[in-house]
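Single-letter residue listing:
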Amino acid sequence: MRPVVGFAIATGFVLLVSQSGAAAGADQGAQLAATCASCHRLDGGGTGIPSIIGLGEERLNSALLAYRAIERPNHIMHAIALSLSDEEIASVARYVAAQGK
Amino acid sequence: MKSWTRREFGCLTGAGLLTALSPRKALGQAKARVVVIGGGIGGATVAKYLAASATTIDVTLVEPRQVYTTCFFSNLHLAGLRPLEQLTHGYEALTRQYGITVVHGSAEAIDPAAKTVTLNNGSTLGYDRLVVAPGIAFRDGSLEGYDEAAMEIMPHAWNAGQQTRLLRQQLESMEDGGLFVLVAPPNPFRCPPAPYERASLIASYFQRRKPKAKILILDAKDSFNAQDLFQDAWNRHYPGMIEWLPAQFTGGVTAVDPKTRSVITVGATFKAAVANVVPAQMAGRLAQQAGLTDQSGWCPVDPVTFESALQPGIHLVGDAIIGGDMPKSAFCANSQAKACAFAIAADLAGSAQFPAHLFNTCYTYLAPDDAFSNAISFKPVDGKLKSVLSFISKVEESAEVRRKAARAAEGWYDAFTHDVFG
Ligand SMILES: Cc1cc2nc3c(=O)[nH]c(=O)nc-3n(C[C@H](O)[C@H](O)[C@H](O)COP(=O)(O)OP(=O)(O)OC[C@H]3O[C@@H](n4cnc5c(N)ncnc54)[C@H](O)[C@@H]3O)c2cc1C
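Parameters and conventions
- Residues numbered from 1 in each chain as written.
- Chains lettered and ligands numbered in written order.
- Predicted model: local features only at pLDDT ≥ 70, side-chain atom pairs only at ≥ 80, totals over all residues.
- Heavy atoms only, no water.
- Helix = DSSP H or I, 4+ residues; strand = E, 2+ residues; numbered from the N terminus.
- Buried < 20%, exposed > 50% of the residue type's maximum accessible area, 1.4 Å probe, protein only.
- Contact = heavy atoms within 4.5 Å.
- Areas by Shrake-Rupley, 256 points an atom, 1.4 Å probe, with all protein chains shown as cover.
- Pairing = 2+ DSSP bridges.
- Axes fitted to C-alpha atoms, helices over the stretch in contact; angles between N-to-C directions.
- Near = heavy atom within 4 Å.
- Polar contact = N/O pair within 3.5 Å; in protein donor to acceptor, adjacent residues only side chain to side chain.
- 1 Å grid on protein atoms, 1.4 Å probe; cavity = no way out; pocket = protein on both sides within 12 Å on 5 of 7 lines; lining within 4 Å.
- Points joined across faces, edges and corners; volume = space filled by probe spheres on them.
- Nonpolar A, V, L, I, M, F, W, Y, C, P; charged D, E, K, R; others polar.
- Core = buried A, V, L, I, M, F, W, Y, C linked by side-chain atoms within 4.5 Å.
- Parallel < 35°, antiparallel > 145°, perpendicular 65-115°, else oblique.

A. Representation of the overall build of chain A within the structure. Each helix and strand counted, chain A has five helices and zero strands in total. Helices and strands in chain A line up, N terminus first, as α-α-α-α-α. Expressed as a percentage of the 101 residues in chain A, the buried residues total 53%. Partitioning the intrachain contacts of chain A with sequence separation of at least 6 by distance along the chain shows that 51% fall at a separation of at least 24. Roughly 4,500 Å² of accessible area belongs to chain A as shown, and the carbon and sulfur atoms make up 59% of that amount.

Here it is in C-alpha cells:
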C-alpha cells in the first residue's frame with residue numbers, strides 16, 4: 001500500500017505546483033500542507049521560520065507531537081498541532097516529507 | 001459522473017491516477033468556470049488553490065489594480081523601516097504557474113440568474129461558480145466632513161498604497177513637537193490590533209527622529225485588542241509619548257475639519273499636525289450592491305463552504321464576511337480562501353470534502369525588535385465560526401523571545417506572500 005500512496009502524493013505535489021495539475025484538492029495531506037504554507041515555504045526557501053522541507057516523515061511527526069505536548073514550547077505550533085488529529089499529523093507529515101524528494 | 005471516495009483514491013494504481021483525478025476531462029466535458037472578484041489576499045488565494053486543485057477548472061481573477069500592496073507590514077513603512085516596493089506584489093506568477101486568467105478591471109454588477117458578471121469596460125464574464133472577495137468599504141456619513149477630498153488631507157491608510165505613501169510623507173515633514181492624532185474605528189473592523197501597532201511603530205520613528213512629538217489615539221471603543229500587551233510596551237518603550245482616549249472619555253469622534261486638520265469629539269476639538277482617520281467599515285461596495293450583505297453591512301456565509309447565505313452559487317471570503325470569531329485579518333482571509341477553494345473543487349468534482357482547518361496568527365510589532373503573536377484555531381459550530389483554541393504572547397515574556405518573534409514575523413511575511421501570490 002505504502003508505495004502506491006507515496007506515488008499518489010508525490011504526483012499530487014508536482015501537479016499542485018505545475019498548472020497541469022489535478023490532484024491537490026483530492027488529497028488530505030496536500031490540503032493540510034496548504035495550511036502550513038501560510039507560514040512555511042514549501043519550496044524549501046525561507047528565513048525566520050524554519051524550513052520543514054527535507055526533515056523526513058519521522059522528524060515531522062515527532063516534532064508535531066512534541067509541540068502538541070509542549071515538550072517543545074511555541075504557542076503557534078502548539079495551537080497548530082493541537083488542532084490536528086493523530087491521523088492528520090501522520091497524513092501531513094507523509095505529504096510534506098515527500099516534497100523534499 | 002463517478003464520485004471518488006477516499007478509499008478508492010488510495011487504492012488507485014499509478015496508471016489509473018491521472019484519468020481518475022480529472023473525471024470531467026476524462027469524460028470530455030467542458031471545464032467548470034470559476035470567476036473570482038477581487039485580487040486581494042482572499043481572492044488571490046482562492047484563485048491559486050482552485051487552479052492548483054484541478055485542471056478541470058478554468059479560473060478568472062478580476063482585479064482593477066496591476067499590483068497589490070499589503071496592508072500587513074505597511075505600519076513598518078510608516079515608521080520608515082520598509083520601502084513600499086517590498087510590500088508590493090504582481091499577478092504574473094498566478095498566470096504563469098497556475099494558468100489563471102487575470103483580468104484587470106472592476107466588477108460592476110452580478111446577475112445571479114444569468115450567472116454573469118459585468119465589468120467596468122462593459123464586457124461580461126459567465127461563470128459556474130462565483131467567489132467575491134472585495135475587502136472593506138467605509139461607512140458613508142459615519143464621520144461628518146470625512147469625504148474623498150478629506151482623505152487626501154487626513155489619510156486613512158487602511159488600504160495600502162497611495163494612502164500609505166501620503167501618510168508617511170506627512171509624518172516625515174511634520175515638525176518635532178507636533179501632535180499626531182489617530183482616530184481608531186468602532187468594531188468590527190479590518191485587523192483589530194493594527195491601529196495600536198501603527199501608534200507603536202510611529203512612536204518608534206518619533207523617538208528616533210522627533211522625540212518631542214506626541215501621539216493621541218481617539219478611539220470609538222472603550223477597550224481594544226491585546227490592550228495589556230500594548231500598554232505595557234508603550235510604558236516601556238515610549239513613556240509619555242502615546243495617549244489613548246476611550247470613547248467614554250471623549251464621547252467619540254463625530255466630525256473632522258480638513259481645513260484646520262482638526263478632529264472633533266463630543267467634548268472637544270483636537271488640532272493635529274498630522275491626522276490619520278480610520279472610519280467605521282462595512283463589506284466592499286460590490287457586496288452591498290449585489291445583495292450579499294445583511295442589515296449589519298457584512299456578508300453572512302455558510303461556515304463550511306463559504307457560500308453566501310443570501311445568494312446560492314456565490315461564495316465570499318475575507319474581510320467582507322461575518323466571520324463569527326474569526327477576525328478580519330489577512331491570515332483569516334487566506335485560511336478561509338483555502339477552505340472555500342477545496343469545497344468548490346470537491347463539489348465540482350463530486351468528491352469527498354475533508355474537514356477544513358481554519359486558523360489565525362497575527363504577528364504584531366510593539367517596536368522594531370519587539371513583536372508578539374497570537375494563534376487561534378476555529379471550527380464551524382452550529383452554523384457559526386467559533387474559536388476553539390486560543391493562545392497569545394504574555395506581558396512578562398523576555399526581550400529575547402520578543403526579538404525572535406520580530407524575526408519570525410519577517411519570515412512569515414515572505415512565506416505568506418509567496419503562498420498568496422506564488
Ligand atoms: C495597517 C494594517 C495592518 C494589517 N496587518 C495585518 C497583519 O499583520 N496580519 C494580518 O493577517 N492582517 C493584517 N491586516 C489585515 C489585512 O490586510 C486584511 O484583513 C486583508 O487584506 C483582507 O483581505 P481581503 O481579500 O478580504 O481584502 P483585500 O486584501 O483588501 O482585497 C480586496 C481586493 O478586492 C478588490 N476589489 C474591490 N472591489 C472590487 C470590484 N468591484 N471588482 C474587482 N475587484 C475589486 C480590491 O482592489 C482589492 O484588491 C492589516 C490591515 C491594516 C489596515
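B. Summary view of the sheet that holds strand 7 (residues 116-119) of chain B. Residues and elements named next belong to chain B. The strand order 6-7-8 describes an open sheet built from three strands, whose pairing is antiparallel. The sheet is open, and its two borders are formed by strand 6 (107-111) and strand 8 (124-126), each paired with just one other strand. Between one strand and the next, the sheet's axes are offset by a mean angle of 20 degrees, whatever the strand orientation. Pairing geometry for strand 7 and strand 8, over three bridges, is antiparallel. Counted as the bridge partner of V117 is L125 from strand 8.

C. Broad picture of the site of the ligand. Residue and element names in this part refer to chain B. Looking at the ligand, there are 37 residues lining it, with G42, E63, Y68, R190 and D319 nearest. The backbone of A107 places a nitrogen or oxygen atom 2.9 Å from a nitrogen atom of the ligand. The contact in question runs from a nitrogen atom of the ligand to an N or O atom on the backbone of A330, over 2.9 Å. Protein coverage of the free-state accessible area of the ligand, which is 1,000 Å², stands at 94%. Elements that contribute at least two residues to the shell around the ligand include exactly helix 4 (41-53), helix 5 (74-78), helix 9 (194-209) and helix 13 (330-349). At three residues, helix 13 tops the list of elements feeding residues into the shell around the ligand.

D. Seen up close, empty space enclosed by the protein. Counted under the stated rule, the structure contains four cavities of 30 Å³ or more. The volume enclosed by the second largest cavity comes to roughly 150 Å³. Every residue lining the second largest cavity is counted, 14 residues in all, and those nearest its centre are A:Q31, B:F342, B:P355, B:A356 and B:H357. Those elements that provide at least two residues to the lining of the second largest cavity are helix 2 (28-36) of chain A together with helix 13 of chain B. Its residues placed into classes, the lining of the second largest cavity shows six nonpolar, six polar and two charged.

E. Spatial organisation of the nonpolar core. In this structure, B:I110, B:F206, B:W234 and B:W412 are the most contacted members of the largest nonpolar core, which totals 167 residues. Take this core: its biggest share by element is twelve residues, from helix 13 of chain B. Apart from residues lying up to four places away in sequence, B:W412 is in contact with A:S38, A:C39, A:I49, B:F72, B:F73, B:F331 and B:Y363.

F. Just the sheet that holds strand 1 (residues 32-37) of chain B, in detail. All names here are of chain B. Ordered by their spatial adjacency, five strands build an open sheet running 5-2-1-9-19, and the pairing between neighbours is parallel. The open sheet has two free edges, formed respectively by strand 5 (101-103) and strand 19 (314-316), since each of these has just one partner strand. Across the sheet, the mean angle from the axis of one strand to that of its neighbour is 20 degrees, orientation sign disregarded. As paired strands, strand 2 (residues 57-62) and strand 5 are joined by three bridges and run parallel to one another. Pairing of L61 across the sheet is with V102, part of strand 5. Where helix 4 meets the sheet, it contacts strand 1, strand 2 and strand 9 (129-132), and its direction lies at approximately 165 degrees from that of strand 2. Helix 13 rests against strand 1, strand 2, strand 9 and strand 19 of the sheet, and its axis sits at about 175 degrees to strand 9.

G. Quick peek at the pairing of strand 6 of chain B. Residues and elements named next belong to chain B. When strand 6 meets strand 7, the two strands line up antiparallel, connected through four bridges. Looking across to strand 7, one finds that A107 is bridged to L119. Hairpin connection of strand 6 to strand 7: four residues between the antiparallel strands, including K115 at a positive phi of 55 degrees.

H. Broad picture of the environment of B:G161. Residue and element names in this part refer to chain B. Structurally, G161 is set in the loop between helix 7 (148-151) and helix 8 (162-173). Classification of G161 as buried rests on a relative accessible area of 12%. Discounting chain neighbours no more than four positions away, the residues touching G161 are T69 and L84.

I. Summary view of the environment of B:A349. Mapped onto the secondary structure, B:A349 falls in helix 13. Remark: the alpha-carbon pair of B:A349 and B:I57, spanning 292 residues in sequence, is separated by 9.6 Å.

J. Structural context of the packing of helix 2 of chain A against helix 5 (residues 86-99) of chain A. Residue and element names in this part refer to chain A. Axis separation between helix 2 and helix 5 bottoms out at 8 Å; the angle between their running directions is 85 degrees. Relative to helix 5, helix 2 is oriented roughly perpendicular. Contacts from Q28, G29, A30, L32, A33 and C36 in helix 2 reach E88, S91, V92, Y95 and V96 in helix 5. In terms of residue class, the contact of helix 2 with helix 5 is made up of seven nonpolar, three polar and one charged.

That is the geometry; function is a separate question.
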